[in-house]
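The chain contents come next:
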Amino acid sequence: LLNMERFRWIPERMEGRYLFVNIPEFKLRAYDGDSALWEMRVIVGQELRSTVIFNGEISYLVFSPYWNIPSGILERDVLPAMRRDPAYLQKHNMEITGYRAKTPVIRQRPGSTNPLGKVKFMFPNVHDIYLHDSPAKNLFEKSERAFSSGCVRVADAGKLAGFLLEGQPGWSPEKIREAMDGDQQVSVNLDRKMPVFLVYFTA
């Protein structure tokens, strides 16, 4: 009964391409109309930092992204680590970009250890949740994959980027790989926004 109610929250019919992330299944599926095109494993939020059920539209991609550390993670993890080790920022490829009420604003530079991986997929929303790559590929082999702080990590970011940029001039597979492997952040607006649904179906 609960799943039937949740199905009422999404459109009865969908046309064109869109993405479904089924949170308890740890899966992302790409659809065209009512036809499933492919699927991939994802990592979702931990129990205390769960992924929210909602929908939006992916409007742009960010290759080789900076990670702007959220205030919660900054307070819980980074600031205590900085107090224990004065060289923490340097060791983790991080930098202070300013201050907000005497609290440092910190970001991590693009690179192999960046938690966002090589590309993030943005659909602006009040929850500050988005899809992104991950350097921790071993976690995708686990059967239960609730390890994130709320965002959705995707197993094959290159495949998803290619799907979103398919047919967009100037974005061949080679160009996408070059942007993912770069050391400069690059933002790309999509010619066609991609609907994405974060859902919770157990049946």
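Residues numbered from 1 in each chain as written. Predicted model: local features only at pLDDT ≥ 70, side-chain atom pairs only at ≥ 80, totals over all residues. Heavy atoms only, no water.

> Would you mind going over the overall build of the chain with me for this structure?
Of regular secondary structure, the chain possesses five helices and 12 strands. Over its C-alpha atoms the chain spans a radius of gyration of 18 Å, differing by no more than 12% from the 17 Å that the globule rule assigns to 203 residues. Seen along its three principal axes, the alpha-carbon backbone of the chain occupies a region of about 55 × 45 × 35 Å. Split into buried and exposed, the 203 residues of the chain put 45% on the buried side. Long-range pairs, those at least 24 residues apart, make up 64% of the contacts in the chain with a sequence separation of at least 6. When the accessible area of the chain is evaluated, it comes to approximately 11600 Å², of which 49% is carbon and sulfur surface. (Helix = DSSP H or I, 4+ residues; strand = E, 2+ residues; numbered from the N terminus. Rg over C-alpha atoms; globule rule 2.2 N^0.38 Å. Buried < 20%, exposed > 50% of the residue type's maximum accessible area, 1.4 Å probe, protein only. Contact = heavy atoms within 4.5 Å. Areas by Shrake-Rupley, 256 points an atom, 1.4 Å probe, with all protein chains shown as cover.)

> Just checking my understanding: could you explain the pattern of salt bridges for this structure?
Opposite charge on two side chains permits them to pair, given that their charged atoms come into close proximity. Scanning the model with the defined rule gives 12 salt bridges in all. Arg29 is the partner of Glu39 in a salt bridge, and the nearest nitrogen-oxygen pair spans 3.1 Å. Linking Glu39 in strand β3 (residues 35–45) with Arg29 in strand β2 (residues 27–32), this pair joins segments that are 10 residues apart in sequence. By relative accessible area, which is 39% here, Glu39 ends up partly exposed. (Salt bridge = Lys/Arg side-chain N within 4 Å of Asp/Glu carboxyl O.)

> Sorry, what's going on with the packing of aromatic side chains here?
The description of an aromatic ring pair rests on the distance of the ring centres and on the angle between the ring planes. Tallied over the full model, the rule gives nine aromatic pairs. Between the aromatic rings of Phe20 and Phe197, the centroid separation amounts to 5.3 Å while the plane-to-plane angle is 40°, which identifies the pairing as tilted. Here the residue Phe20 occupies a position in strand β1 (residues 17–22), and Phe197 occupies one in strand β12 (residues 186–199), the gap between them amounting to 177 residues. Across the pair, exposure class does not vary: Phe20 and Phe197 are buried alike. What links up through ring pairs into an aromatic cluster is the set Tyr18, Phe20, Tyr31 and Phe197. One Lys or Arg, Lys175, reaches over the ring of Trp171 and ends 5.8 Å from the middle of that ring. (Phe/Tyr/Trp six-rings, centres within 6.5 Å; stacked < 30°, edge-to-face > 60°. Lys NZ or Arg CZ within 6 Å of the ring centre and 35° of its normal.)

> Explain the pairing of β3 to me, please; I cannot follow it from the model alone.
Regular strands have side chains that alternate between both faces of the sheet. Two strands pair when backbone bridges link them, and β2 and β3 are joined in this way by six bridges, in the antiparallel orientation. The residue of β3 that forms the bridge with Arg29 is Glu39. Taken together, β2 and the strand that follows it, β3, pair antiparallel across an intervening segment of two residues, in which Gly33 is found at a positive phi of about 65°. Bridge count for β3 against strand β11 (residues 152–154) is two bridges, and the pairing is antiparallel. Bridging across to β11, Ile43 finds its partner in Arg153. Inspection of the sheet shows β3 paired to strand β10 (residues 146–148) by two bridges, in the parallel sense. Paired with Val44 across the two strands is Ala146, which belongs to β10. (Pairing = 2+ DSSP bridges.)

> How should I be thinking about the side chain of Gln168 in this particular structure?
Mapped onto the elements of the fold, Gln168 is located in the loop between α4 (157–165) and α5 (173–180). Its relative accessible area of 11% is what places Gln168 among the buried residues. One polar contact links the side chain of Gln168 to the main-chain amide nitrogen of Asp191, over a distance of 2.9 Å. Here Gln168 is in contact with Val188, Asn189, Leu190 and Asp191, once residues within four sequence places are set aside. (Polar contact = N/O pair within 3.5 Å; in protein donor to acceptor, adjacent residues only side chain to side chain.)

By themselves, these are just geometric observations and shouldn't be taken as functional.
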